[in-house]
Amino acid sequence: MYEEIFIAGSGGQGVLTIGRLIALSAADEDKYVTYYPSYGAEIRGGTANCMVKISSNFIYSPIIEIPSITIIMNMPSYVKFINKLLPSKFLFLNSSLIDEITKISDIYKEKSLKIFKISATDIANKIGSSVVANIIMLGAVIKATKIIENINTVKNVIVKNFKEKFWELNFKALNAGMETV
Amino acid sequence: MKKVLQGNIALCEGAIEGGLDAYYAYPITPQNEISAYFAEVLPKLNKVFLQAESEIAAINMVFGTAVTGKRAMTSSSSPGISLMQEGISYLCGCELPCLIVNVMRGGPGLGNISGSQQDYFQSTRGGGHGDYHTIVLAPFSVKEIYEFAKSSFILAEKYRIPVLIIYDGYLGQMMEIFDTESNEGKLDITVDQPIDKNWILDGAKDRHSRKIRSLLMNEGELEKHNWNLKEKYEKIKKNEVRAKFYETDDAEICLVAYGIAARAALEAIYKLREKNIKAGLIRPQTLWPFPYNEIANLAKKVKKFLVVEMNLGQMVEDVKLAVNGIADVYFYGRPGGSLVSSKEIIDYIVSII
């Protein structure tokens with residue numbers, strides 16, 4: 001197994017959290033993992049991104065050149081990264097915040113790229129809080145790509161890393177995300 | 001025990017395992033996680049955490065703690081380490097063991113906050129004034145950061161010398177899985193037990209007073225001191241050189257790289273071997289002392305060396321000294337705080353063989 005996952009969005013959307021949860025979960029499933037956060041002068045509302053690699057073998061560089069999976073959470077990141085970091089296998093877009101995505105299917109239809117448009121922010125608002133849009137996206141990604149074999153691995157990581165009062169909301173978001181795929 | 005940690009946090013855990021007593025530092029990216037972690041954890045362990053008013057203050061606080069025989073460290077990134085050079089020179093003149101960590105960022109000046117390897121000269125040539133060296137360790141994985149930090153105080157006390165751990169911002173920021181129990185990356189350091197501490201300043205009750213100083217004004221005193229330092233440095237060169245060799249036995253071209261650049265180089269040599277290009281890699285884990293002899297021996301059979309660094313060419317000078325003209329030495333570098341990729345290395349190698 002070898003997956004290179006690029007995740008981008010705005011600072012405050014929890015894109016680094018998606019990356020960390022994937023990395024910690026994959027590690028719990030005995031994979032080699034690296035996680036590298038973008039470390040610019042990021043501000044709330046600016047773009048933030050991270051790179052996660054999962055492999056059955058030692059991972060050399062933490063930096064991704066061509067991702068196998070790209071997850072984009074907002075419009076500025078979409079504009080910035082869509083051409084630079086177009087994935088080879090799966091593209092996930094937060095359709096609540098990204099317009100123009102009707103075009104993308106046309107542009108890249110010749111590629112064997114699976115595109116998932118997930119209205120993560122809208123669903124998050126429906127289940128109670130826009131802050132879990134990232135977890136909804138995570139649920140969709142795991143269901144579609146199977147980068148994490150068992151969803152309970154992710155739930156355990158949430159339990160280990162989040163405060164107890166947030167568990168229920170995050171489990172709900174994870175399930176809602178899985179149902180979109 | 002398996003852990004997934006950021007490089008900077010692994011450093012903290014390693015230093016605590018290694019017996020850290022006191023940490024002093026002034027904030028700078030990309031190493032702030034170290035201060036943040038210690039601020040939370042050290043007070044709970046009844047150890048000292050102090051955010052200094054400047055890097056100059058921090059390194060002198062390390063000095064103050066080191067004279068008492070306690071295990072002190074500081075961490076910073078390139079511009080901050082430049083500010084500490086006077087203090088490091090004094091620590092070396094006074095032969096005080098301590099740990100100094102440089103999570104390198106791009107320079108010169110404030111440069112940027114991304115990772116680089118531009119402080120090789122500064123680290124391996126002393127950095128401050130006077131004839132001196134510090135031991136320089138260069139980890140290439142989160143596990144090695146952990147292990148080197150854990151062993152650094154023993155190494156420092158064995159020779160009464162500051163140990164410098166340098167790694168780029170990429171290794172500092174990245175998270176990676178590792179096993180704390182595995183032997184990988186462990187530094188085996190042989191020491192006489194107990195380590196001689198008959199020099200520390202802990203109050204002269206029932207013993208003669210001691211002095212720790214670097215001002216040696218008497219006739220011939222300083223020269224004698226420097227000859228003694230020289231003898232110590234020779235001992236370190238003999239005992240403490242460490243390097244890893246990958247596929248060097250039959251290599252036609254041998255790469256030399258350390259830190260994160262060595263990971264790209266390692267990926268490159270395995271990919272080149274799939275194309276039937278016999279490439280190997282030497283990865284110095286100690287930048288001072290440098291593996292001159294090991295590289296010189298390889299140069300008897302390998303005709304081409306390629307040094308890969310994230311700078312304009314610094315370690316390449318040491319490789320040239322080691323090779324001493326009997327093989328060709330090439331250089332590939334990225335000096336702007338960007339990570340070198342295996343593809344770039346492969347393309348370059350294909351162009352020179």
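Remember, it's a predicted structure, so these values are computed and weren't measured experimentally. (Residues numbered from 1 in each chain as written. Chains lettered and ligands numbered in written order. Predicted model: local features only at pLDDT ≥ 70, side-chain atom pairs only at ≥ 80, totals over all residues.)

## Structural notes on the overall build of chain B
When its secondary structure is counted, chain B shows 13 helices and 14 strands. At 20 Å, chain B has a C-alpha radius of gyration in line with the 20 Å of a compact globule built from 353 residues. Out of the 353 residues in chain B, the part that is buried amounts to 51%. Partitioning the intrachain contacts of chain B with sequence separation of at least 6 by distance along the chain shows that 78% fall at a separation of at least 24. (Helix = DSSP H or I, 4+ residues; strand = E, 2+ residues; numbered from the N terminus. Rg over C-alpha atoms; globule rule 2.2 N^0.38 Å. Buried ≥ 20, exposed ≤ 12 C-beta atoms within 10 Å, placed from the backbone. Contact = placed C-beta atoms within 7 Å.)

## Here we look at the sheet that holds strand E13 (residues 304-309) of chain B
Residues and elements named next belong to chain B. Read across the sheet, 5 strands follow the order E9-E11-E10-E13-E14 without closing on themselves; strand pairing throughout is mixed. Taken across any chain shown, the strands that pair with only one partner, and hence form the sheet edges, are strand E9 (243-246) and strand E14 (328-333). Strand-to-strand twist across the sheet, computed as the mean angle between neighbouring axes with direction ignored, equals 20°. Here helix H10 (residues 259-274) sits on the sheet in contact with E9, strand E10 (253-256), strand E11 (279-284) and E13, set at roughly 160° to E11. (Pairing = 2+ DSSP bridges. Axes fitted to C-alpha atoms, helices over the stretch in contact; angles between N-to-C directions.)

## Notes on the nonpolar core
Residues Ile 136 and Met 137 of chain A together with Ala 265 of chain B are the most contacted members of the largest nonpolar core, which totals 165 residues. By residue number, the principal contributor to this core is H10 of chain B, which donates 9 residues. When residues of this core are assigned to domains, at least three fall in each of domain 1 (2-179) and domain 2 (244-352) of chain B. (Core = buried A, V, L, I, M, F, W, Y, C linked by C-beta atoms within 7 Å. Domains from an automatic or database assignment.)

## A look at the domain arrangement of chain B
Residues and elements named next belong to chain B. Assigned domains of chain B: these are domain 1 (2-179) and domain 2 (244-352). For domain 1 versus domain 2, the separation of C-alpha centres amounts to 26 Å. With 23 residues of domain 1 in contact, the opposing surface of domain 2 contributes 22 residues. For the side of domain 1 that touches domain 2, the secondary structure elements donating two or more residues are helix H6 (120-124), strand E6 (135-137), strand E7 (162-168) and helix H8 (169-173). Ranked by residue count, the leading element in the side of domain 1 that touches domain 2 is H6, at 4 residues.

## Section: the sheet that holds strand E5 (residues 98-104) of chain B
Residues and elements named next belong to chain B. Strands sit in the order E3-E2-E4-E5-E7-E6-E12 across an open sheet of 7 strands; the sheet is mixed. Unpaired on one side and paired on the other, strand E3 (48-51) and strand E12 (286-288) mark the two borders of the sheet. Direction aside, the axes of adjacent strands within the sheet are offset by 20° on average. Both E6 and E12 contribute to a ladder of 2 bridges, which runs antiparallel.

## Looking at the interface of chain A and chain B
Contacts between chain A and chain B engage 15 residues on the former and 17 residues on the latter. The element that contributes the greatest number of residues to the side of chain A that touches chain B is strand E2 (residues 32-37) of chain A, accounting for 6 residues. Residues belonging to the side of chain A that touches chain B are distributed by class as follows: 12 nonpolar, 2 polar and 1 charged. One ladder, built from 2 bridges, connects E2 of chain A with strand E8 (residues 175-179) of chain B; its direction is antiparallel. Counted as the bridge partner of Tyr 35 of chain A is Met 175 of chain B from E8 of chain B. (Nonpolar A, V, L, I, M, F, W, Y, C, P; charged D, E, K, R; others polar.)

## Description of helix H1 (residues 15-28) of chain A
Residues and elements named next belong to chain A. Relative to the 20 Å expected for 14 residues at 1.5 Å per residue, H1 spans 20 Å between its end C-alpha atoms, a close match to the ideal helical length. The element H1 is extensively covered by neighbouring structure, given that 12 of its 14 residues are classed as buried. For H1, the complete set of buried residues consists of Val 15, Ile 18, Gly 19, Arg 20, Leu 21, Ile 22, Ala 23, Leu 24, Ser 25, Ala 26, Ala 27 and Asp 28. Two residues or fewer past H1, Asp 30 is found with a positive phi of approximately 65°. (Expected span 1.5 Å × (residues − 1).)

## Description of the pairing of E2 of chain A
All names here are of chain A. For E2, the buried fraction is high: 5 of the 6 residues fall into the buried class. Pairing of E2 with strand E3 (residues 47-55), which is carried by 6 bridges, proceeds in the antiparallel orientation. Residue pairing for E3: Tyr 32 is matched across the bridge by Ser 55.

## Some thoughts on the pairing of E3 of chain A
All names here are of chain A. Where burial is concerned, most of E3 is hidden: 8 out of the 9 residues are buried. Relative to E3, strand E1 (residues 2-10) runs antiparallel, the two sharing 9 bridges. Counterpart to Tyr 2 in the pairing with E3 is Ser 55.

## Remarks on the environment of Ala 156 of chain B
Residues and elements named next belong to chain B. Mapped onto the secondary structure, Ala 156 falls in helix H7 (residues 142-159). For the pair Ala 156 and Asn 293, spaced 137 residues apart in the sequence, the C-alpha separation amounts to 23 Å. Sequence-distant contacts of Ala 156, that is, excluding residues within four places in its chain, are made with Pro 97, Cys 98, Leu 99, Ile 161, Pro 162 and Val 163.

## Re the environment of Ser 351 of chain B
Residue and element names in this part refer to chain B. Inspection of the secondary structure assignment puts Ser 351 in helix H13 (residues 342-352). Of the residues examined, Ser 351 has 9 C-beta atoms within 10 Å and is grouped as exposed. Taking the C-alpha atoms as reference, Ser 351 lies 43 Å from Lys 232; in sequence the two are 119 residues apart.

## Thoughts on helix H5 (residues 85-93) of chain B
Every α-helix carries 3.6 residues per turn, so stepping three or four residues along brings you back to the same face. All names here are of chain B. Of all 9 residues in H5, 7 are buried; the element is thus mostly enclosed. What H5 keeps buried is the set Gly 87, Ile 88, Ser 89, Tyr 90, Leu 91, Cys 92 and Gly 93. In this fold, the buried residues of H5 make contact with helix H3 (55-66), E5 and E7. At the exit of H5 stands Glu 95, carrying a positive phi of roughly 55°.

## Points about unusual backbone geometry
Residues and elements named next belong to chain B. In this structure, the amide linkage connecting Gly 107 to the following residue, Pro 108, adopts the cis form with an omega of 5°. Structurally, Pro 108 can be placed in the loop between E5 and H6. Each neighbour pair has its own omega, and for Trp 288 with Pro 289 the value is 0°, a cis peptide bond. As for its position among the elements, Pro 289 is in the loop between E12 and helix H11 (292-299). Although it is not a glycine, Asp 206 sits at a positive phi angle of roughly 60°. The topology assignment puts Asp 206 in the loop between E8 and helix H9 (221-240). Unlike most non-glycine residues, Asn 276 shows phi in positive territory, near 65°. Its location among the elements puts Asn 276 in the loop between H10 and E11.

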